[in-house]
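# Coordinates in review
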Amino acid sequence: MSSPPQERTANPARSLLAKFDLTDMQSGVWLVLLAVMAVGWILAGPNFVGGGNLTNIAVRAVPLGIVAMGQTLVILGGSLDLSVAYLISVVAVLSAFVMDGDPANIPLAIAVGLAVGVGVGLVNGLLVTKGRANPLIATLGTGLVMKGLLSSRFAAQTGSAPREFQLLGYGRVWGFMPLSILLLLAVFAIAWWLTRGTRFGSHLYAVGGSKEIARLSGVRDDRVIIGAHVWCSLTAAMTGLFLVARLGAGAPWIGPDGIYDLESIAAVVVGGTALLGGRGGVPGTLAGALLLAVLDNMFNALQVDGFLKSVLRGVIIIAAVASYALRSKRKDVDIA
Amino acid sequence: MSRVTSAAESPRPAGDEPLLKLAGISKSFREVEVLRDVVLECPPGEVHAIVGENGAGKSTLVKVVAGAHQPDRGTMTLDGRAVSFHHPRQAQAAGVSIIYQEFNLLTDRTVAQNIFLGREPTRGPLIDRRRLEEDTVALLEQLNVSGSISPRAKISDLSVAQQQIVEIAKALSFDAQILIMDEPTASLAPPEVEALFEIVRQLRERGMLIFYVSHRLKEIFALADRVTVLKDGDQVATTDIGSLTPDSIVRLMVGRELSDYFPELAAPDDIGEVRLRVRGGSNQHISDIDLELRAGEIVGLAGLEGSGRTEVAEAIFGVEPFETGTIELDGEQVSIRRPRQAVDHRIGFVTEDRKTQGLVLPRSVLENTLLPLRTLSGHDRREREAVHEVAEGSTLTMQLAERVDLRAASLDQEVRFLSGGNQQKVVFAKWLASDAWVLLFDEPTRGIDVGAKAGIHDLMRGLAKRGAAVLMVSSELPEVIGMSDRIVVMSHGRIAGELEAGASEADIMLLATGQSNGDGPDVRHPAEEVAAAKTAQEDQAAETAEATADSELSEVTSNPHDDQMGHDPGEVSG
């Protein structure tokens, strides 16, 4: 250990610097986020970066952010979850129905919502691992099943959330901090802890990087993937509950209308997580979700036409992802 | 670690109770017996080399020991207990670790995360990072590399040699008693090889049994205690290294006198007009390429790995086109910026890696064969189909399959189920179908077993006889010499010179290493340079070099065997 430090030894100062290397997508997305906010400042005026608007943006990012924290883990493990949008609707409708305006029913409603999440996550995970179904198809399938159940039972808004539950959507602590932002941060903290601190997280990266290597090292890859799917569905359930708190009722269209399936994947990928798994992490996803919210907010402030808004969002997502790909390609060439 | 340390405290003398006993190990794949009645008894503290040609059964043997394959017959005894492994993990737990040529490391994860993957120390629900790193450092210290490899370093930031050490550390972390290394030096530079040897010797001192699979005789003589030679699945010898010479090992591996089995070179009359002429071709990899290919001749393109051989073929085919310079086809200047244009101009390219670049593996023989033909526009396609006087694709494919002597169950068979040699024939057929007149072959016989090689060579010569102009890139000098009517040698992205048919390996290597250009006085003896160049050559051509054992021209040097094995005994002592 006392031998002179050599070049290959990771120098802590250097690795910290490297963490803010632009070629690192995880930090790159935070810079992109700052850049977009600067553009918003220039175009929409100083109010855009005022405390009030920033809070708005953050609250707007909450529902997508929560489910993207789940989607990140699934994608890190090399899987994918397209069922989250309908799961959000199912949980929203069921929990609102159970609550039915009575505060006494809140714990039961939350329990039902989360239990449904765990159940769907288990089904997804089992289909992908034991059933060897392609994750895209398997989760599309479970999503469609839930869609069918929803449309056979619920056509309109269902149930209602008592005022106490709506605090989750609108309440503030310490007078200024919206409870919803704390919820997002809490989910982020759990996801961060899961990925960085636990064996589960370590194995998740390994399975996503190479299932074969992980398996030969004794990792039970199926369990890891099932765990990621359960976590992902749990976050979708939490988003469903949150939306009930926001809307005051459950509606079968809130999941698909929010395009939470594709948008959560977009947030993950914009956040620098490799779609094939094994590389990335939740901090990038948090920035990705915020970025999408900033864009929405900015377009609204500038009164951009709805269609154009969609086009611009698409272009920006593509540009972000393509620039990561190009940068990392250049990096490869440099190394070679 | 207990077993390893106890062995280190009291190193058992060789000849003690065997650590590993194999009795009558046999293994077949799809009714082809690849391993027959292997009998081995190995004591602890031995480096045991396993040598043989491609397809001799080396990999199968070590994979049986490592639990990746299950033997059909025979028994394995480890430390006096009968064992049978159904999964590599069981072998690992019993103390048998294997390091493949392709490392099993997660490149985005750290050294510590890789070594203890699946066995991370935990404290409560969390990974105990400090212990993880301390344990890793302890392992790296055993290998004397804790100063140069940090447990937090990402695998992708390490050199290949360091990655290999991480693999060894991982094996140690499993308390391995037996370590199998498959071509461990294939991509290492000489000083790294020496460092690896040090580690291997140290592991032997501690009582480990090391199986060392390699085709590099020099390394085997430097390191091994005993050698097992396999040939076509038979164990032809297991003996002390002292009783062998490089010569005798090669003779055992090949088991027959070498004879020139290359087809005859072109007669002067066979060689016609210039088909393809490149003048002053340059791009970012290569510069000032002047090259002519004539109808009926095979031009060999030789040079060290990285000298720009493949890049010349890729430039002609438009993969990475020339940025300056001209290409003429049959006297007419043409522009080739994309592979499509090359196909239109009847140029065919048999790539180095047929599995990723030459064939669509899950598609049928028929689909693959007709792929380039079908990409042609309507007029061209009809014209070329007319050449074959058939309209039906399958009839055409049938004819082509016959011409290339393809052995497939049917034309609908997916090519991934074919052997390497037959896959290569499908690639050939595909360019025959598109009527290519200029054919570029990049390592046409890489990874193809010896018998099938001769067939591929005959095919290439047959194509030239029918008037095709053939460029063959090869890292196997015997192949270059045996096949080429003319030899063009590359060095540092430029053409270093051209040699007549039948040039010697030494001539080629002198050009390839830039020695015969006479740039400045050279203090080294030319022969030394040649030897060094061969080593470099071999580094890259590791996979193929072992298969070349009998593709040698006996007149090239006094001792043909040493050349393709890369080292003669004099080199070892000198």
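Residues numbered from 1 in each chain as written. Chains lettered and ligands numbered in written order. Predicted model: local features only at pLDDT ≥ 70, side-chain atom pairs only at ≥ 80, totals over all residues.

### Some words on the overall build of chain A
- Of regular secondary structure, chain A possesses 15 helices and two strands.
- The proportion of buried residues among the 336 residues of chain A is 49%.
- Sequence separation of 24 or more characterises 77% of the internal contacts of chain A that already satisfy a separation of 6 or more. (Helix = DSSP H or I, 4+ residues; strand = E, 2+ residues; numbered from the N terminus. Buried ≥ 20, exposed ≤ 12 C-beta atoms within 10 Å, placed from the backbone. Contact = placed C-beta atoms within 7 Å.)

### Quick look at the overall build of chain B
- Helix and strand counts for chain B come out as 23 helices and 22 strands.
- Within chain B, contacts between residues at least 6 apart in sequence are counted, and of these 68% link residues at least 24 apart.

### Considerations on the sheet that holds strand 21 (residues 486-491) of chain B
All names here are of chain B.
- Strand order in the open sheet formed by six strands is 18-19-20-15-21-22, with mixed pairing between adjacent strands. Where the open sheet ends on each side, the last strands, each with one partner, are strand 18 (347-350) and strand 22 (494-500). Going from strand to strand, the sheet's axes swing by 20° on average, the running direction of each strand aside.
- Strand direction decides the pairing type here: strand 15 (residues 298-303) and strand 20 (residues 469-473), joined by four bridges, are parallel. Residue pairing in the sheet places Leu301 in a bridge with Val473 of strand 20. (Pairing = 2+ DSSP bridges. Axes fitted to C-alpha atoms, helices over the stretch in contact; angles between N-to-C directions.)

### Comments concerning the packing of helix 9 (residues 199-209) of chain A against helix 11 (residues 221-247) of chain A
All names here are of chain A.
- The N-to-C vectors of helix 9 and helix 11 enclose an angle of 105°; their axes lie 9 Å apart at closest approach. As summarised for this structure, helix 9 and helix 11 are arranged roughly perpendicular, according to the angle between their axes. For the pair formed by helix 9 and helix 11, the contact residues are Phe200, His203, Leu204 and Val207 on the first element and Asp221, Val224, Ile225, Gly227 and Ala228 on the second. (Parallel < 35°, antiparallel > 145°, perpendicular 65-115°, else oblique.)

### What about the interface of chain B and chain A?
- On the side of chain A, 23 residues touch chain B, which itself brings 24 residues to the contact.
- Looking at the side of chain B that touches chain A, the elements with two or more residues in it are helix 3 (88-93) and strand 8 (126-127) of chain B.

### A short note on the environment of B:Ile220
All names here are of chain B.
- Positionally, Ile220 belongs in helix 8 (residues 217-223).
- It is 6.4 Å that separates the C-alpha atoms of Ile220 and Ala49, two residues lying 171 residues apart in sequence.
- Beyond its immediate stretch of four places on either side in the chain, Ile220 contacts Ala49, Val51, Ser214 and Val227.

### Some points on the packing of helix 13 (residues 365-375) of chain B against helix 16 (residues 420-433) of chain B
Residue and element names in this part refer to chain B.
- Closest axis-to-axis distance for the helix 13/helix 16 pair is 7 Å, and the angle between their directions is 40°. The orientation of helix 13 relative to helix 16 falls into the category oblique. The hand of the helix 13/helix 16 crossing is right-handed. Two secondary-structure elements touch here, helix 13 through Val365, Asn368, Thr369, Leu370, Leu371, Pro372 and Leu373 and helix 16 through Val426, Ala429, Lys430, Trp431 and Ala433.
- Class assignment for the residues of the contact of helix 13 with helix 16 results in nine nonpolar, two polar and one charged. (Left-handed = near helix turned anticlockwise from the far one by under 90°. Nonpolar A, V, L, I, M, F, W, Y, C, P; charged D, E, K, R; others polar.)

### Comments concerning unusual backbone geometry
Residues and elements named next belong to chain B.
- One non-glycine residue with positive phi stands out, namely Glu183, at about 45°.
- Examined against the element boundaries, Glu183 turns out to sit in the loop between strand 9 (178-182) and helix 7 (190-205).
- Backbone geometry places Arg346, a non-glycine residue, at a positive phi of 60°.
- Along the chain, the position of Arg346 falls in the loop between helix 11 (339-344) and strand 18.
- Judged by C-beta crowding, with 19 C-beta atoms within 10 Å, Arg346 ranks as partly exposed.

### Looking at the sheet that holds strand 14 (residues 289-294) of chain B
Residues and elements named next belong to chain B.
- With respect to topology, four strands assemble into an open sheet ordered 14-13-16-17, the strand pairing being antiparallel. Lying at the two open borders of the sheet, with one neighbouring strand each, are strand 14 and strand 17 (332-334). Ignoring which end each strand starts from, the neighbouring axes of this sheet average 20° apart.

### Some details on helix 9 of chain A
- Within helix 9 of chain A, nine of the 11 residues are buried, which leaves it mostly tucked inside the rest of the structure.
- Restricting attention to buried positions, one finds in helix 9 of chain A the residues A:Gly201, A:Ser202, A:His203, A:Leu204, A:Tyr205, A:Ala206, A:Val207, A:Gly208 and A:Gly209.
- In the core, the buried residues of helix 9 of chain A are packed alongside helix 3 (51-76), helix 8 (179-197), helix 10 (211-216) and helix 11 of chain A together with helix 4 (111-115) and strand 8 of chain B.

### Focus on the confidence of the model for chain B
Residue and element names in this part refer to chain B.
- Of all residues in chain B, 81% attain a pLDDT of 70 or more, and the chain-wide mean is 79.
- Overall, residues 1-15 carries pLDDT values under 50, and its contacts beyond four positions in sequence, including any with other chains, amount to 23 contacts.
- This prediction of the complex comes with two scores: 0.69 for pTM and 0.76 for ipTM. (pLDDT = per-residue confidence, 0-100.)

### Focus on helix 3 of chain A
- Maximum bend of helix 3 of chain A: about 45°, positioned at A:Val62, with proline A:Pro63 one to four residues after it.
- Immediately beyond the C-terminal end of helix 3 of chain A, within one or two residues, lies A:Gly78, with a positive phi of roughly 85°. (Bend = angle between axes of the 7 residues up to and from the residue.)

### As for the pairing of strand 12 (residues 234-240) of chain B
Residue and element names in this part refer to chain B.
- With six bridges joining them, strand 11 (residues 226-231) and strand 12 adopt antiparallel strand pairing. Bridging from a neighbouring strand, Thr228 pairs with Thr238 of strand 12.
- Linkage of strand 11 to strand 12, two consecutive antiparallel strands, is achieved through a turn of two residues, within which Asp232 is found at a positive phi near 45°.

### Considering the environment of B:Gly306
- Considering the arrangement of structural elements, one finds B:Gly306 in the loop between strand 15 and helix 10 (309-316).
- Sequence separation of B:Gly306 and B:Met490 is 184 residues, and the distance between their C-alpha atoms is 9.5 Å.

### Examining the nonpolar core
- Membership of the largest hydrophobic core comes to 171 residues, with the highest contact counts inside it found for A:Leu87, A:Ile88, A:Leu290, A:Leu291, B:Ile180 and B:Ile210.
- Broken down by element, the residue count for this core peaks at 16 residues, all from helix 11 of chain A.
- Residue assignment places this core across two domains, with domain 1 (2-95 + 176-254) and domain 2 (110-174) of chain B each supplying three or more.
- Not counting chain neighbours up to four residues away, the residues in contact with B:Ile180 comprise B:Val62, B:Val65, B:Ala66, B:Ile98, B:Ile99 and B:Phe211.
- Within the second largest apolar cluster, 82 residues are counted, among which are B:Ala266, B:Ile286, B:Leu293 and B:Val404. (Core = buried A, V, L, I, M, F, W, Y, C linked by C-beta atoms within 7 Å. Domains from an automatic or database assignment.)

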